[in-house]
Amino acid sequence: MFPALETELKQEVGTLPLRELHRNPVLLDQKTCPDPYEDFMYHHLQYYGYFKAQRGSLPNSASHQHVRKNNPRYGLSGFFGEREDVIPDPLQKEKLLWPTCLSSAAHRQIEAVSRDPLMLSSPLKSRQLLHDEFGEVNPCLREPRDLFAFFPSSGPLQAPRWPIECEVIKENLHHIEWVPPQPEYFYQPTGNEKLPEIVGEEKGTVVYQLDSVPTEGSYFTSSRVGGKRGIIREPAVMLQGPEDNTLLFESRFESGNLQKAVRVDTYEYELTLRTDLYTNKHTQWFYFRVQNTRKDTTYRFTIVNLLKPKSLYTVGMKPLMYSELDANTHNIGWRREGNEIRYYKNNTDDGQQPFYCLTWTIQFLHDQDTCFFAHFYPYTYTDLQCYLLSVANNPVQSQFCKLRTLCRSLAGNTVYLLTITNPSRTPREAAAKKAVVLSARVHPGESNGSWIMKGFLDFILSNSPDAQLLRDIFVFKVVPMLNPDGVIVGNYRCSLAGRDLNRHYKTILKESFPCIWYTRNMVKRLLEEREVLLYCDFHGHSRKNNIFLYGCKNNDRKYWLHERVFPLMLSKNAPDKFSFQSCNFKVQKCKEGTGRVVMWRMGILNSYTMESTFGGSTLGNKRDTHFTIEDLKSLGYHVCDTLLDFCDPDRTKFMQCLAELKELLKQEIHKKFNELGQDMDLEGNWSDISLSDIESSTSGSDSSLSDGLPVHLLSMADEVNQKKKMYKKKKKKPLRTRKQRNEQYQKNNLMRELKLIEDAPSQLRGRDKGTSLDPSKMTSLILTKNREGMQEMLTTNGGATIRHEVCLTRSITSDRSIPRGRDSQCRAVQREAQTPAKSQLQI
């Protein structure tokens with residue numbers, strides 16, 4: 001649709017929803033005007049000679065849509081299946097906002113075009129044909145596929161695109177979802193855990209190593225499906241026979257991360273993680289596969305190059321393990337495993353940043369099993385595509401969930417945007433809806449954000465009455481995976497630009513940070529259309545348990561503490577998972593580039609970062625237990641439930657939470673003053689106290705400062721700086737201030753006058769001997785403005801005499817011209833001396 005015409009159409013009177021027309025045939029009979037989309041496209045295609053059928057032969061799009069909805073062969077056939085020639089109606093919501101009749105200007109333009117007989121000469125094109133369920137041909141105009149299509153018109157989904165340096169194995173991995181029947185408790189240290197000394201490959205045997213991994217100094221250039229061209233080599237050792245018990249490692253799959261494995265003992269391995277591509281840091285996320293296992297044997301794994309000094313592994317968090325034999329035979333998925341877990345500082349010191357180690361032991365339950373280890377439950381880009389495909393294939397969900405392409409990432413992977421809302425009956429009703437913006441996976445290694453997002457989507461797309469009510473009153477804009485490139489290659493924090501995207505929401509570099517630039521631009525346009533009630537970006541946290549929010553303190557006294565109401569409500573709805581005490585609302589300078597702060601400064605009062613732990617809960621019934629996939633998905637439901645409480649027309653809950661927040665703040669202020677040993681009267685205007693003074697910073701979060709320009713631009717900047725140095729001219733002396741110039745002038749003038757005194761010694765000395773000068777008159781001849789500088793240049797004993805002589809010289813040598821600046825200064829000094837109120841300088 002042309003934007004100008006669409007804008008003009010939306011200003012006219014709206015039409016009834018097609019669902020109401022299907023339910024009530026009387027309304028259908030009363031609809032005398034043709035469908036606006038059909039009417040426009042009919043004349044449009046006539047103009048270009050693609051259509052010559054009579055208007056009466058055109059079936060109504062609404063009635064024909066009924067045939068498409070009830071005929072499964074018009075939908076998407078499956079993940080790897082071919083699409084049929086017809087796609088589901090993706091413009092249902094847009095049609096509801098269109099007028100029943102075109103504007104008069106639009107009618108005049110279309111009628112002028114339709115009067116041309118040449119427009120009717122071309123035959124009907126087959127791509128405008130639709131076959132109904134009886135096999136009959138009905139000439140109906142389809143909607144523009146390429147403009148609004150979510151998936152390719154035929155064939156499977158687009159395969160992930162990798163940087164051309166990355167080797168990728170040709171295997172499709174899939175893990176089942178499973179909820180443990182019993183709580184998985186934190187590991188309780190015994191005090192006897194072994195701290196293995198790091199041996200390295202000098203004394204061990206390298207059994208797995210990736211050589212073609214881009215690191216610091218290189219930058220992303222291009223990508224392709226399948227990554228590196230050519231034959232995929234075997235980085236692991238070859239087994240010498242059935243008795244060889246060497247483990248076979250692999251991580252060259254989607255979201256995998258393992259750089260090297262060294263066998264240091266029969267059943268002991270040292271592991272090195274790969275840094276984020278094109279950087280030399282951010283080693284936290286791991287996800288790899290082992291094969292050739294032996295049951296009832298204790299293996300030890302030690303990751304040797306972690307970078308964070310603090311970790312949840314120190315307070316009982318366990319790694320995750322997945323057994324393919326258990327999944328296939330017992331339907332058991334990811335579970336927490338490991339003993340003798342220790343997190344400690346690496347004893348090797350190379351003079352650079354210190355490394356930390358994670359060690360654990362494991363006993364496999366089966367021989368010749370294929371197992372996976374991960375930092376957290378993986379959720380890959382392909383997992384997201386499969387989920388969105390199921391939504392597109394659902395005839396009900398696809399009516400109120402529109403799937404679009406927000407942009408393409410650096411590698412060319414699609415960044416998806418979901419718009420979720422029920423069709424409105426009138427344009428006024430549609431315009432009155434407020435918006436909610438949600439996003440996840442800006443940090444690719446924080447997969448817990450994707451599981452919360454999945455729980456939210458499961459609920460908001462369901463037929464629950466609460467979900468339907470939310471879709472009636474809100475427009476949800478959802479970006480489920482902001483950094484698909486990082487997720488695909490197994491990064492922990494960065495994109496392929498080698499930078500943390502959550503520090504670049506203010507960027508103007510659209511080509512380097514497309515996902516962030518287009519997200520911010522989408523929100524900016526959305527704010528121009530309607531109020532955005534809430535923005536929330538889902539993250540993971542590696543040093544704190546529970547789930548909590550980071551917000552932005554509001555400076556408007558009218559909305560004082562309002563930004564804390566939603567987190568407090570969420571803590572009441574999920575008391576065993578969400579910790580309000582861990583929430584923080586301080587805006588730090590180092591966080592100015594985050595999505596939370598940028599959206600807040602754009603005008604979204606309730607702008608949050610949701611931090612979900614990699615570990616588990618320390619609250620309520622779930623105390624000291626790990627979070628499962630179901631726990632995280634349930635939080636997505638609680639976000640929806642809290643939205644309903646937050647927007648309840650009955651403001652009782654809101655006001656109760658506001659009163660509770662004020663009481664909590666009083667207690668916090670009282671506690672702070674007690675710690676400082678001061679007394680505070682909280683009965684006064686205590687609300688004027690700055691909240692920043694009683695809040696800690698958010699430095700405990702997984703924050704990293706912006707690294708500046710993207711890597712490829714950084715190298716170009718270095719080249720420019722080198723060229724500048726080659727042609728750089730010698731620096732000129734910096735310009736002096738006016739005060740410095742005046743002082744230098746007075747100093748030079750004084751030296752000239754002293755020289756004149758030396759030339760006429762007899763006259764001055766005779767006058768000095770025979771004349772007694774009044775000190776008050778002598779003071780009037782001294783330049784008071786510069787006396788401090790002149791006292792520094794002259795000695796204490798002779799200063800007064802010399803000044804006396806200088807002033808006498810001016811009276812004697814009257815034929816000498818006095819500079820204008822000095823003359824005005826002398827007159828000012830004389831006026832000051834004639835004023836009795838001025839104190840005289842004692843010499």
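Everything below is about the structure printed above this text.
Residues numbered from 1 in each chain as written. Predicted model: local features only at pLDDT ≥ 70, side-chain atom pairs only at ≥ 80, totals over all residues. Heavy atoms only, no water.

**Student:** I'm lost on the side chain of N305 in this one. Help?
**Tutor:** Mapping N305 onto the fold places it in strand 10 (residues 298-306). Side-chain polar atoms of N305 contact the backbone oxygen of L273, separated by 2.9 Å. Dropping the residues within four chain positions of it, N305 is found in contact with L271, T272, L273, T283, F355 and Y356. (Helix = DSSP H or I, 4+ residues; strand = E, 2+ residues; numbered from the N terminus. Polar contact = N/O pair within 3.5 Å; in protein donor to acceptor, adjacent residues only side chain to side chain. Contact = heavy atoms within 4.5 Å.)

**Student:** Quick question: what am I supposed to make of the nonpolar core here?
**Tutor:** Judged by nonpolar contacts, the single largest core of 126 residues is most densely connected at F249, F301, F373, I420, L457, F476 and M610. With eight residues, helix 19 (residues 629-646) is the largest single contributor of residues to this core. Beyond its immediate stretch of four places on either side in the chain, I420 contacts F400, C401, L457, I460, L461, R471, F474, V475, F476 and V478. (Core = buried A, V, L, I, M, F, W, Y, C linked by side-chain atoms within 4.5 Å. Buried < 20%, exposed > 50% of the residue type's maximum accessible area, 1.4 Å probe, protein only.)

**Student:** It is not clear to me how the sheet that holds strand 6 (residues 248-250) should be interpreted in this structure. Could you clarify?
**Tutor:** Within a sheet, adjacent strands bond to each other through the backbone by hydrogen bonds, running parallel or antiparallel. Strand order across the open sheet formed by five strands is 6-9-15-11-12, with antiparallel pairing between neighbours. Whereas interior strands pair on both sides, the edge strands pair on one side only; in this sheet they are strand 6 and strand 12 (335-336). Sheet analysis places strand 6 next to strand 9 (residues 287-291), joined by three bridges and oriented antiparallel. The partner of E250 across the bridge, within strand 9, is R289. (Pairing = 2+ DSSP bridges.)

**Student:** Is there a simple way to think about the state of the cysteines in this case?
**Tutor:** By definition, a disulfide links two cysteine residues through a covalent bond between their sulfur atoms. Counted under the stated rule, the structure contains zero disulfides. Here C515 is not cross-linked by a disulfide; its sulfur's nearest cysteine counterpart is in C407, at 4.6 Å. When its relative accessible area of 5% is taken as the criterion, C515 is described as buried. (Disulfide = S-S within 2.5 Å.)

**Student:** What am I meant to see in the sheet that holds strand 20 (residues 532-541) here?
**Tutor:** Within the open sheet, the seven strands sit side by side as 16-17-19-18-20-22-21. Their pairing is mixed. Of all the strands in the sheet, just strand 16 (401-408) and strand 21 (547-550) have a single pairing partner and so form its edges. Here the strands of the sheet are splayed against their neighbours by 20° on average, with no regard to which way each runs. In this sheet, strand 19 (residues 474-479) lies alongside strand 17 (residues 414-420) in antiparallel orientation, the contact comprising three bridges. Directly across from T419, in strand 19, lies its bridge partner K477. On top of the sheet, helix 10 (residues 381-393) reaches strand 16 and strand 17; it is set at about 35° to strand 17, its chief contact. (Axes fitted to C-alpha atoms, helices over the stretch in contact; angles between N-to-C directions.)

**Student:** Teacher, can you tell me more about the pattern of salt bridges here?
**Tutor:** Pairs can form between side chains of opposite charge whenever their charged atoms are close. According to the stated counting rule, one finds 21 salt bridges in the structure shown. In this structure, the salt-bridge partner of R425 is E429, at a minimum N-O distance of 4.0 Å. Given the relative accessible area of 55%, R425 is considered exposed. Looking at E429, the relative accessible area reads 31%, which means it is partly exposed. Across the salt bridge formed by K622 and D631, the nearest N and O atoms sit 3.1 Å from each other. The exposure class assigned to K622 is partly exposed, which follows from its relative accessible area of 22%. Ionic contacts of the salt-bridge type, sharing partners, join the residues E177, K454, D458 and K633 into one network. (Salt bridge = Lys/Arg side-chain N within 4 Å of Asp/Glu carboxyl O.)

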